[in-house]
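Remarks on the overall topology
Residues per chain, in single letters:
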Amino acid sequence: MMKGMKHIIIVIVIMGLMLLWPCPSSAEKTVINVGVVLDLSETVGKIGLSCINMSLSDFYDSHPHYNTRMLLHVRDSQTDVVTAASAAVELMKKEKVEAIMGPVTSMQASFVVNLGDKAHVPIISFTATSPSLTSLGSSYFFRIAQNDSTQVHAISDIIQSFGWRQAVPIYIDNDYGRAIIPFLTNSLQQANIRVPYLAVIPPSATTDHIEEQLYMLMTMETRVFVVHMVGNPGSTLFAIADRIGMMKQGYVWIVTNGMANTLASLDFSDIQAMQGVLGVKTYVPKTKRVVDFQARWKRRFLQDNPAMVDASINVFGLWAYDASTALASAVERANNNNSKPGFQNTTNNASSNFSEIDNVGVSERGEELRDALSDTRFSGLAGQFGLVNGELEAATFQIINVNGNGEKVIGFWTPQKRLTRNLSSLIKSSTTDLNNNHDNVLGAMIWPGDSYSVPKGWEIPTNGKKLRIGVPVSSRPQFVKVENDGETNTTKVTGFSIDVFEAVVQALPYALPYQFIPFAKPNGESAGTYDDLIMQVYYGVFDAVVADTTIIANRSKYVDFTLPYTESGVSMVVPVKDKSKKGAWVFLKPLTWDLWMTTGCSFVFFGFVVWVLEHRINKDFRGPPSHQIGTSLWFSFSTMVFAHREKVVSNTARFVVIIWVFVVLILTQSYTANLSSLLTVEQLRPTVTNVNDLIKYRTRVGYHTGSFVRGILLNLGFKDFQLITYNSTAQCDDLLSRGSQNGGIAAAFDEIPYIRILLGTYCSKYTMVDPTFKTDGFGFVFPKSSPLVGDVSRAILKVTEDPRMKEIESAWFEKRSSCQQEDASVSSSNSLGLDSFWGLFLIAALASISALLIFAVTFLYDHRHQWWFINNDYSTWKTRIRILLRIFDQRDPRSQRFRSGGTDSVKEEDRHNYDQNSSTIGRHHHHLHDHSLDAASTYTESSFSFQGSPCEDSNSDHNNNVEQNNLRSQPSQQEN
């Protein structure tokens, strides 16, 4: 018991000592004066001040050992620039504040930043987002907010993903609104999105003024609008747009984060007027810390502002919280550097020439505090806190869609991956192709008018205005023909180009009201060239041009063309003349010289083959050499007219003759047909085939008046004095008919569709020759970045693939029945060449060579005992060949042809002598030496006896047998 009492007494003594010990009080902490300049009458100002107080309370509760405490001096700027500037001067001069938080607007901030830069007092704004503040270049300005210029790429990516080609920015006419426009238009243009108009709303604009501006936008074809405003004027604009019918189907509205970040603070009626609007909103991760803070802030804010029950915190409040934390941390670190607080007066107080601003002086710890703020890093409520050049780093944006009573997140945008449906896909995916790819990068959404179909982004203006289409007063009525009716005072426009355009309009998925306006003077004459007509679209006089306008690079600098609806190109047309002079040697023209030579050689070769095959067995091919040569050639050439009367005996010769007769039949028939064509059909050839000859000899050429062809001719090297213009097809025909020597032209250069009209009209008088200069064809003309170009081009593809296009072409370009095809009568050469018949000659050659080989093999085999067993020691191949030739020159008595021509005794004797001679020569030839070779030579020479009659042949054969018997006895005598 006594021991427990002792313990109680000790505790009481310790507690008493603790109460008597002096504890550190707030008075002993270093107090840092900090100014706060906010619009306290506005919701954003009240939210900001509440978050600043909560941030400091939380910071010092978690860091009780810090030696500094920030003391806030709050001033109300009353939404006025001058008031904000005077409040800043007063805070720096009287309260000696070492930093100022605020002001709210960018215009207020631009004045206060200059003061802070001069006094070395850091200015920390969490709501001034204008890019113009960056250009001030102040090292004492810290923007704890997103620069408005960081969201322009997100906006352009949204527009690009839906394939819209035009957009109109609507912005408030102050520093906040104007500063983003250069960045926004530049980003849109980089994405090939045209900005046809800038809609400016003054800060003090009345409802009538805003309504007037919106009505003017309704008269334009663009239906994509980007709104850059803050909550109050922005909600008024959408309320008026909803009332006048600009929030219905077909319209597209995109708001920047100026409105998207404060949507929660708008009234219910304002939200209902914005149904279907897209927005770019700063992304804040919804962590547990943020959720807990929102709950605490709501209770604290309602205690301070019990009337603002519907208020909710936004990203500006989170930035205010993080800005206060960063400043408190920087103040503590700057205080540790033992720098002295206060201001140093840099002016002479005795002088009255200085203003109140100059009398403020320079903060002693301004530089240390600036450097400490620049190096501050921590995890804040709005995300990772870090400053780059005095600003928050570019962060992620949410893409929201106003739907129902609030907003729906449909995607995200990051600087690295651009648009994406969810942030988790960033780890896997690469940069997405945004061109008309919204389905893959954004979620489902609704559009104004509770529509789920994506608006096309443009419409024909609702003021009843028709599309003004310029048409030329053309000298080529097949394409465009303008007729004026004096009685009804109306203009009728017809032609191939007009019919194609009307078919294209019918193929569009929507109605396109239009009217044709002739490009003409009051007297009906043309008002200029095609280039002049196209420039009227560039100047805004016409909304489009429908004509035979050629797509060329120089014109595309000023206007846009649709896809071509017909092919084109520039070529040369020249007169033609008959080249088939019916001269003495016309019969040689059907065949080329190489075919003539091949045919002649083939006849000679064929005669030689038949002679070889028939010489030993056919008496018609025997006799003196001249007789044999003549007979062979006669037989060969007579096959041309099938007049040969010699009979062929061997089967191989008959086979060769059959093949050759077939070849001759083909050749003669082809020759006859081609010669008939040469003698009866008019053969035309161009008078000029080389454009360089025209340039070299300075010949005059023509082109259509006002055509771009003139530039092509000058680039080729033609001189001005060589160029003659014509205005119609008839005038071109007249100039070409006269020729260059008679005041006309030698050639005309024009586009291929026009040349075809000329050739179709004047039949075979002219022809088109190379070179051809490629162009992209005829297309319709629209202003640069016109949304109609894509739809009309797609409709052109439908029409050109449809049979309707053939009907239109036939209606305007059907040739006269009396006209021949221009290409049919013009030919470079009508002579038949070897390339057409080499197959026939190859067959004939193979047949002849095969027959020769068969004959040679058979002949050598039959006489193998006469040349194979010759003594190799005393003979040469030359001797053997000579003996074979002697044998070949003899008649073959075994031939049926010879056997049928004498008595049986004679035939039997010839055969016996032939066999005996052949056997004897083979048996004794190995005994021959040089002398015997001479004797054999004498024998063979004596055996040549060519006679013309069968009787003489028989006698000579008998004499040969006697001589051969005598020859056989010579070797025996010599041996003896």
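Quick summary incoming for the structure in this document. (Residues numbered from 1 in each chain as written. Predicted model: local features only at pLDDT ≥ 70, side-chain atom pairs only at ≥ 80, totals over all residues. Heavy atoms only, no water.)

**Some remarks on the pattern of salt bridges**
- A full pass over the atoms with the stated rule returns 23 salt bridges.
- Where Arg178 meets Asp173, a salt bridge forms, and the shortest distance between an N and an O atom there is 2.9 Å.
- One salt bridge in this structure joins Asp734 and Arg738, with 3.3 Å as the shortest N-O distance. On the criterion of helical spacing, the pair formed by Asp734 and Arg738 is a turn pair, its members being four residues apart in helix 23 (residues 729-738).
- Residue classification places Asp734 among the partly exposed residues on the basis of a relative accessible area of 39%.
- Salt bridges here are not isolated pairs; linked through shared partners, they connect Arg75, Glu90 and Glu95. (Salt bridge = Lys/Arg side-chain N within 4 Å of Asp/Glu carboxyl O. Helix = DSSP H or I, 4+ residues; strand = E, 2+ residues; numbered from the N terminus. Buried < 20%, exposed > 50% of the residue type's maximum accessible area, 1.4 Å probe, protein only.)

**Section: the environment of Ile498**
- Tracing the chain through its elements places Ile498 in helix 16 (residues 496-507).
- Linking Ile498 and Ala547, residues 49 residues apart in sequence, is a C-alpha distance of 7.2 Å.
- Among residues more than four places away in sequence, those in contact with Ile498 are Val471, Phe479, Val493, Phe516 and Val546. (Contact = heavy atoms within 4.5 Å.)

**Concerning empty space enclosed by the protein**
- In this structure the tally under the stated criterion is three cavities of 30 Å³ or more.
- By volume, the largest cavity amounts to about 120 Å³.
- Lining the largest cavity are 13 residues, with Tyr726, Thr729, Asp750, Tyr754 and Leu758 positioned closest to its centre.
- Contributions of two or more residues to the lining of the largest cavity are made by helix 23, strand 30 (747-751) and helix 24 (752-762).
- Considered class by class, the residues forming the lining of the largest cavity number eight nonpolar, three polar and two charged. (1 Å grid on protein atoms, 1.4 Å probe; cavity = no way out; pocket = protein on both sides within 12 Å on 5 of 7 lines; lining within 4 Å. Points joined across faces, edges and corners; volume = space filled by probe spheres on them. Nonpolar A, V, L, I, M, F, W, Y, C, P; charged D, E, K, R; others polar.)

**Topic: helix 18 (residues 593-614)**
- Under the 1.5 Å per step criterion, the end-to-end length of helix 18 is 32 Å for 22 residues, consistent within 8% with the ideal 32 Å.
- If you check which residues of helix 18 are buried, you get Leu595, Thr599, Ser602, Phe603, Phe606, Gly607, Val609, Val610, Val612, Leu613 and Glu614. (Expected span 1.5 Å × (residues − 1).)

**Remarks on the packing of aromatic side chains**
- Per the stated rule, a full pass over the model turns up 35 aromatic pairs.
- Note on Tyr283 and Phe412: the rings are 5.4 Å apart at their centroids and 85° apart in plane angle, and the pair reads as edge-to-face. Residue Tyr283 is found in the loop between strand 10 (278-282) and helix 12 (288-304), and its partner Phe412 is found in strand 18 (residues 406-414); the two are separated by 129 residues along the sequence.
- An angle of 20° between the planes, with centres 5.2 Å apart, marks the rings of Phe606 and Trp660 as stacked. Taken together, the residues Phe606 in helix 18 and Trp660 in helix 20 (residues 651-680) connect sequence positions 54 residues apart.
- A network of ring pairs unites the aromatic residues Phe479, Phe496, Phe501, Tyr514, Phe516, Tyr565, Tyr754, Phe778 and Phe780 as a single cluster. (Phe/Tyr/Trp six-rings, centres within 6.5 Å; stacked < 30°, edge-to-face > 60°.)

**Topic: the sheet that holds strand 8 (residues 224-228)**
- Sheet architecture is open: eight strands sit in the order 7-6-8-9-10-17-18-19, paired in mixed fashion. Edge positions in the sheet fall to strand 7 (199-201) and strand 19 (418-420), since each has one partner strand and no second. The mean inter-strand angle of the sheet, taken between neighbouring strand axes irrespective of direction, is 25°.
- Packed on one face of the sheet, helix 8 (residues 207-218) meets strand 6 (168-172), strand 7, strand 8 and strand 9 (252-255) and runs near 175° to strand 7. (Pairing = 2+ DSSP bridges. Axes fitted to C-alpha atoms, helices over the stretch in contact; angles between N-to-C directions.)

**Considering the environment of Leu595**
- Here Leu595 lies in helix 18.
- On the basis of relative accessibility, which here comes to 0%, the residue Leu595 falls in the buried class.
- Along the sequence, Leu595 and Phe837 sit 242 residues apart, while their C-alpha atoms lie 8.3 Å from each other.
- When sequence neighbours within four positions are dropped, the list of residues in contact with Leu595 reads Leu832, Gly833, Leu834, Phe837 and Phe841.

**Quick look at the nonpolar core**
- If you look at the biggest cluster of nonpolar residues, it comprises 53 residues, and the most contacted ones within it are Ile52, Met70, Phe293 and Leu327.
- Mapped by element, the contributors of at least two residues to this core are strand 1 (30-38), helix 2 (43-62), strand 2 (68-76), strand 3 (99-101), helix 12, helix 13 (315-335) and helix 14 (366-374).
- For this core, the element with the most residues is helix 13, which contributes 13 residues.
- Not counting residues within four places of it along the chain, the set of residues in contact with Leu327 comprises Val34, Met70, Ala99, Met101, Ile124, Leu369 and Leu373.
- Core analysis: the next-biggest nonpolar cluster, separate from the first, contains 47 residues, Leu467, Ile534, Phe542 and Phe561 among them. (Core = buried A, V, L, I, M, F, W, Y, C linked by side-chain atoms within 4.5 Å.)

**Thoughts on unusual backbone geometry**
- Residues Gly102 and Pro103 are joined by a peptide bond in cis, for which omega reads -5°.
- Topologically, Pro103 is positioned in the loop between strand 3 and helix 4 (106-119).
- Phi angles above zero are rare outside glycine, and His120 is one such case at about 60°.
- Residue classification places His120 among the partly exposed positions, given a relative accessible area of 24%.
- The phi angle at Asp450 is positive, at roughly 55°, despite the residue not being glycine.
- With respect to the helices and strands, Asp450 occurs in the loop between helix 15 (438-441) and strand 20 (467-472).

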